[in-house]
Amino acid sequence: MGSFKRKSQEFSNEDDIPPSKQLKQNDLLGADEPVTCLHDVSYPEGYVPSASTSGLPQQDSKPAKEFPFPLDPFQSEAINCINNGESVMVSAHTSAGKTVVALYAIALSLKNNQRVVYTSPIKALSNQKYREFKEEFSDVGLMTGDVTIDPNASCLVMTTEIWRSMQYKGSEVTREVAWVIFDEVHYMRDRERGVVWEESIVMAPKNSNFVFLSATVPNAKEFADWVAKVHQQPCHIVYTDYRPTPLQHYIFPSGGDGLYLVVDDKGKFREDSFQKALNALVPANEGDKKRENSKWQKGLVVGKSGENSDIFKMVKMIIQRQYDPVICFSFSKRECEFLAMQMSKMDLNNDDEKVNIETIFWSAMDMLSDDDKKLPQVSNMLPLLKRGIGVHHSGLLPILKEVIEILFQEGFIKCLFATETFSIGLNMPAKTVVFTNVRKFDGDKFRWLSSGEYIQMSGRAGRRGIDDRGICILMVDEKLEPSTAKFMLKGSADALNSAFHLSYNMLLNQIRSEDGHPENLLRNSFYQFQADRALPDLEKQAKILEEERNSIVIEEEDSLERYYNLLEQYKSLKRDVRGIVFSPKYCLPFLQPGRLVCIECTKVDVDPNFSLSEEVTWGVIVNFERVKGISEDDANKKPEDANYTVDVLTRCIVQKDEVGRKTIKVVRLKDAGEPAVVSLPLSQIDSLSSVRLVIPKDLLPSEVRENALKKVSEVLNRFSKEGMPLLHPEDDMKVQSSSYRKASSRIEALESLFEEYEIAKSPLIKEKLKVLHKKKELTSKIKSIKRTLRTSTVLAFKDELKARKRALRRLGYIKDDVVLQKGKVASEISSADELTLTELMLNGTFRNIKVEDMVSLLSCFVWQEKLQDAQKPREELGLLFAQLQDTAQQVAKVQLESKVQIDVENFVSSFRPDIMEAVYAWAKGSKFYEIMEMTPVFEGSLIRAIRRLEEVLQQLIQAAKSIGDIVLEAKFEEAVTKIKRDIVFAASLYL
Amino acid sequence: MRGIQLSFSNTQKLRLEKALAQLESFSSKLNSNATVIVADKIPVDEDAALKGHGTLEMGNDVVASVCGVVERVNKLVYVRPLRARYKPEIGDIIVGRVIEVAPKRWRLEINFSQDAVLMLSSMNLPDGIQRRRTAVDELNMRSIFVENDVICAEVRGFQHDGSLHLQARSQKYGKLERGKLLKIPPYLVKRRKQHFHHLDQYGVDLIFGCNGLIWVGEHIDVKDVMVEDQVNKSDPQNTHSSSLPGSSEEPTDTPLEIRQYICRIANAITVFSALGFMVNLDSIMETVTLSLSLNLGVHEMLEAEFHVRVAEQEAERRSTSKRRR
Ligand SMILES: Nc1ncnc2c1ncn2[C@@H]1O[C@H](COP(=O)(O)OP(=O)(O)OP(=O)(O)O)[C@@H](O)[C@H]1O
Ligand SMILES: [Mg+2]
């Protein structure tokens, strides 16, 4: 069949494309060629692009919109595609100017009397874009969950969730929209919400075109291929990793007092300066004390606060060097506030500015009631702002967040402490960006920042047209391998991978519409596309490996294999024994400084060793240390369970490779090399000697170390005949473990067996074993590839789909693929757990309780966070909550019985009663400050929860309509009026 | 005898009665005591019960506001009306007849207590281009549908002003031509996943409108939107002329054979509805096959004997499916 794919159409017939088009070469360190961009096209299979495309009449006519600045190549490239009426995916850095492309698509649609939809992942961003577009075009409307303005306008700004539900409902917009713009489309990889993008893109009207705006993603082409396939239309890719303002990356070592340039604006990594920076780190020993009292805020405070804190010193330096305005990113709300607190002695604004700030602030707060104006968050913020310092995170009152954004844009805030959310979409660049930490807590552990995150956040540095370069500063508080740093600073952007998953609401909506089929959605998902695409590659790989394996022929393979297995067994037993003996529990007491220790030499080749014993050497113990855990509760672990390393003085070969990474190899004492102290895991200890030497305290001078090693050699010589006296595991180290005894007797038994193998005596035995080992490795690789192949050839999620449909049938939501009453209720609910809420509603729980109780109960659906000292709900509310838990339990059980993978306990405990009292009080008419006093949460979080609650109520109103219960419907309406008031629903300043 | 206006011979009468009695015995086991008439009290155990469609709260009592069968889902009670007028639900596929071309909308009679509205913006334009509707489009509305056209659409829902809105999501909705419109009681059409059926062997399209209007017509290939789109794009000059209504190629007459099939299927449905049986694709197809195997002429299907045969067949079918269960 004609399944050819014409990639990257010959450009010769598209004369209109500027000559600057260049396929980007290897972009290693080549920041020299700034204005290149990559243009490629994906065609659906079998699509024959007509030659006349470039001669479209639009070409001669005036552009739909002109811009006050000359366009960058990627912009004009993308605009060209739009002019030709073809979809385009634009992938470029933060602040590169992607909005220009969106603006053009909007202008073109309006000119042609077509509708255009712009979607963004965040309500706040939608509000701002609405304002931006409204100023430009006027025929603009806005639809977020919170507000609806002029829904009949030609250009509609909305959140992606709204767009999804409009498509399910079949709004007329879907028939009039010519262009759909998905901004920040890389959000598709979001674990929770990403699937909404996939649904929206798959279901999008067949005859419309798309503009996708995304951060740099390495697989933009893959995404475009998918769009081309699903929508049977060409989709262009315009990719650039050009930054309008080049960046310089510095390191600020904690405890030190200077900046070290590690990556210059040409993109070159500076080895020397990196090492200097690390050397300036306050060494761990001296930091010990500090480390203790600041456990996990380590480095940020290092025991000192206020003017002595690192952050203060650094901000001061930034101001002195006129690197402001600066955004300091940190990864938690509390940390953000804490850091801002350290700035109490800093004043960055003059009196005029202070007056201005005060005016802007109070005119924004004007819409608040007097009580709300007195909220601590409001009154505490102003003094900070007046000094030119701001805070921005999701815990703030939305109105405060907005006023701070405005002040920042006006240049009144010189130093802003923000969380990661500030790096998404808002056009608020600064001159400098500071990363207050290089590690981030990602839900279960601390990990290094990914290069993708680094790229996104550092994109805020450098204001286009104002700064000639942007500055990024990394505050480093612990030893960092140059490779890690390099990876973070210069690594590639994160790939755009599908985060598709099924939900009941999705299934019901799909089943409900005449031509919707969940299977279709799955088949068209990006997830399936990516899985399918990996197949041919995998198959090829498996084939190559199989050929390689079959080409290996070994004589006497059987007996060799038996010998091989015996060896493996022997080695694994040895490992077990050592694992027991040198577990911290037994060996820690013997790791005193001065003890001679036998350790494994570093293996020279990667091939496994097939002799009976490993190569070993001797050294002397200097110290042992607990490995710093990565998770917080590590500190509470028992010493036995923690990981330790032992510092040993021995002979090593220290090498630096070209990137400056140090490699240390432990070698034999007789070999050439330098005396050095290395940190080794306990597993590398072969045995401990009973001999101890006195070693000097200061091992820094090289002679001292050399001397110490000489002594070690002397001891070894003295015992060369009878062998070194070793600590006996049972007698000396008091190892009492039955598994130890079992393993050591097995070892003895095995040792006698070796004699029986003729093959072992062959001179080439080592080589033979190596070959066999390779063969075995190949076999296991092939196996694992085949396993993935098997799982991905079937429709992704097929089993889960079956299971979920089964659950829906058992609960009476669907029958014969027709959605029943209950299913219709659940299909209306998308902002809370649809099954539990539907069951609760149909069990009549809401029917005869007071409105306030009902609202309070519903709050459990929108609050997941577990609060430390949340107020326990009073008895009536507690009983309601228990009912909710029962229902959730039943719902989860049915799912489990239907073979849906679900953790019942987890599911039930995902409903939290923590804000029931506060929400109850709010529904009763309490003031916001009153309910804040009841719950230890951030203002912004509570407001978000109540707004979401209102969304749920709106959906419940629709649900009540669908079953025809007027009384219940009225009750939900009443609930809305009770909670929708004051500061919680204060309008956005952008509107 | 279910009000059938036919003259049966005595044996036919007996046979029919027997078949119907047999059918009755299958259904009467369900919910026989749950039938209510208007103002009947519906027993509910607690006041936590949800009162759904067809019910009213009067003081402490719940009463039925329609005649029908009481249904319960969890704590929800509602009355499923028997032999009622059509009651639209979102997503229903319906067939209706245009009664008025109004500004930006068509009014349709859909066998409901009020007329339905199909907005100009709720259907795809004939040229397939996604755009806002202009005054020109409005003037051209009559070239899309005029009074008395039969069209097929989906129920979009009630708007805030209480009017019922329809929509035509894709090309398969729209004007129905060259076929026969049947009207049967809506309760004989069950809501299913599929309401559109293409009967390949007869070259016929069959649409079961949830509102009791049923369309049997010559099969029309739904143009593949994407293909059409490509043609449009590559050939901008032709787009306008080719898609202009009226200028499309000369209509050819529906072949006699297909016309006969249309009538045969229509008659099968008529018999079914006269007997008061739920219509669904399988049983209608069986009935058509039966008529063909009996070598009956199209008109003979409406005679008494065939009614009896159909009733017997249905009784047979249901008893076998009962047994299989
Ligand atoms: N060609 C250009 N020349 C000069 N300035 C430009 C040009 N293109 C865009 N800009 C300006 O650059 C700024 C940033 O643009 P924009 O907000 O579109 O970035 P973005 O790519 O959308 O970033 P983000 O990833 O944050 O969404 C805007 O103020 C815009 O006016
Ligand atoms: Mg943007």
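Small disclaimer: the values here were computed from a predicted structure and weren't measured.

Scoring rules and cut-offs
- Residues numbered from 1 in each chain as written.
- Chains lettered and ligands numbered in written order.
- Predicted model: local features only at pLDDT ≥ 70, side-chain atom pairs only at ≥ 80, totals over all residues.
- Heavy atoms only, no water.
- Helix = DSSP H or I, 4+ residues; strand = E, 2+ residues; numbered from the N terminus.
- Buried < 20%, exposed > 50% of the residue type's maximum accessible area, 1.4 Å probe, protein only.
- Contact = heavy atoms within 4.5 Å.
- Areas by Shrake-Rupley, 256 points an atom, 1.4 Å probe, with all protein chains shown as cover.
- Domains from an automatic or database assignment.
- Buried area = accessible area lost by both parts, 1.4 Å probe.
- Salt bridge = Lys/Arg side-chain N within 4 Å of Asp/Glu carboxyl O.
- Polar contact = N/O pair within 3.5 Å; in protein donor to acceptor, adjacent residues only side chain to side chain.
- Nonpolar A, V, L, I, M, F, W, Y, C, P; charged D, E, K, R; others polar.
- UniProt positions renumbered as here; feature names shortened; annotations may be inferred.
- Expected span 1.5 Å × (residues − 1).
- Phe/Tyr/Trp six-rings, centres within 6.5 Å; stacked < 30°, edge-to-face > 60°.

### Some words on the overall build of chain B
Now for step 1: Helix and strand counts for chain B stand at 8 helices and 16 strands.
Now for step 2: In chain B, buried positions account for 47% of the 325 residues.
Now for step 3: If you take every contact in chain B between residues at least 6 apart in sequence, the share linking residues at least 24 apart comes to 64%.
Now for step 4: Of the roughly 16900 Å² that chain B leaves accessible, carbon and sulfur atoms contribute 51%.

### Re the domain arrangement of chain B
Residue and element names in this part refer to chain B.
Now for step 1: If you check the domain split of chain B, you get domain 1 (1–26 + 179–241 + 253–325), domain 2 (41–82) and domain 3 (85–176).
Now for step 2: Contacts between domain 1 and domain 3 engage 18 residues on the former and 20 residues on the latter.
Now for step 3: Buried area between domain 1 and domain 3, summed over both chains or domains, comes out near 1600 Å², and the portion from carbon and sulfur atoms is 66%.
Now for step 4: Considering only the surface of domain 1 that becomes buried against domain 3, R191, F196 and N211 emerge as the three largest contributors, covering 33% of it.
Now for step 5: Joining domain 1 to domain 3, the criterion identifies 2 salt bridges.
Now for step 6: Among the salt bridges present, the one from R191 reaches E89, with a minimum N-O distance of 3.5 Å.
Now for step 7: Put simply, domain 1 and domain 3 have 6 residue pairs in polar contact (both at pLDDT 80 or more) between them.
Now for step 8: At the level of secondary structure, the elements contributing two or more residues to the side of domain 1 that touches domain 3 comprise β13 (179–183), β15 (204–208), β16 (213–218) and α4 (225–234).
Now for step 9: Along the lines of polarity and charge, the residues of the side of domain 1 that touches domain 3 split into 10 nonpolar, 4 polar and 4 charged.

### Here's the deal with the UniProt feature "domain: S1 motif" (unreviewed entry) in chain B
Now for step 1: The feature "domain: S1 motif" (unreviewed entry), as annotated in UniProt, sits at residues 89–169 of chain B in this numbering.
Now for step 2: Each end of residues 89–169 of chain B is marked by a C-alpha atom, and these two atoms are 16 Å apart; helix forms 11% of the span and strand 46%.

### So, the UniProt feature "domain: Helicase ATP-binding" (unreviewed entry) in chain A
Now for step 1: Under the feature "domain: Helicase ATP-binding" (unreviewed entry), the UniProt entry names residues 79–235 of chain A.
Now for step 2: Between the end C-alpha atoms of residues 79–235 of chain A there is a gap of 13 Å, over a span that is 44% helix and 22% strand.

### Here we look at helix α7 (residues 220–231) of chain A
All names here are of chain A.
Now for step 1: Counted at 1.5 Å a residue, the expected span for α7 with its 12 residues is 16 Å, and the 16 Å between its end C-alpha atoms agrees.
Now for step 2: Most of α7 is tucked away, with 10 of its 12 residues classed as buried.
Now for step 3: Listed as buried for α7 are A220, E222, F223, A224, D225, W226, V227, A228, V230 and H231.
Now for step 4: Immediately beyond the C-terminal end of α7, within one or two residues, lies Q232, with a positive phi of roughly 50°.

### Some thoughts on the pattern of salt bridges
All names here are of chain A.
Now for step 1: Tallied over the entire structure, the rule returns 45 salt bridges over all chains.
Now for step 2: One salt bridge in this structure joins K123 and E951, with 3.1 Å as the shortest N-O distance. Residue K123 is located in helix α3 (residues 123–137), and its partner E951 is located in helix α34 (residues 939–963); the two are separated by 828 residues in the primary sequence.
Now for step 3: Linking D467 and R463 is a salt bridge whose minimum nitrogen-to-oxygen distance equals 2.8 Å.

### Side note on the packing of aromatic side chains
Residues and elements named next belong to chain A.
Now for step 1: Inspection of every chain in the model, using the stated rule, returns 26 aromatic pairs over all chains.
Now for step 2: For the ring pair F67 and F69, a centre distance of 6.1 Å and an interplane angle of 20° mean the geometry is stacked.
Now for step 3: With relative accessibility at 17%, the residue F67 sits in the buried group.
Now for step 4: Classification of F69 as partly exposed rests on a relative accessible area of 40%.

### What about the interface of chain A and chain B?
Now for step 1: Residue-level contacts link 57 residues of chain A with 47 residues of chain B.
Now for step 2: With both sides pooled, the region where chain A packs onto chain B buries about 4200 Å², and carbon together with sulfur makes up 43% of that total.
Now for step 3: Where chain A touches chain B, the interface holds 2 salt bridges.
Now for step 4: Here chain A and chain B share 12 residue pairs in polar contact (both at pLDDT 80 or more) between them.
Now for step 5: Those elements giving two or more residues to the side of chain A that touches chain B turn out to be α4 (160–169), α5 (173–176), β7 (177–182), α18 (504–512), α27 (821–828), α28 (834–842), α34 and α35 (966–979) of chain A.
Now for step 6: The residue inventory of the side of chain A that touches chain B, partitioned by class, reads 14 nonpolar, 26 polar and 17 charged.

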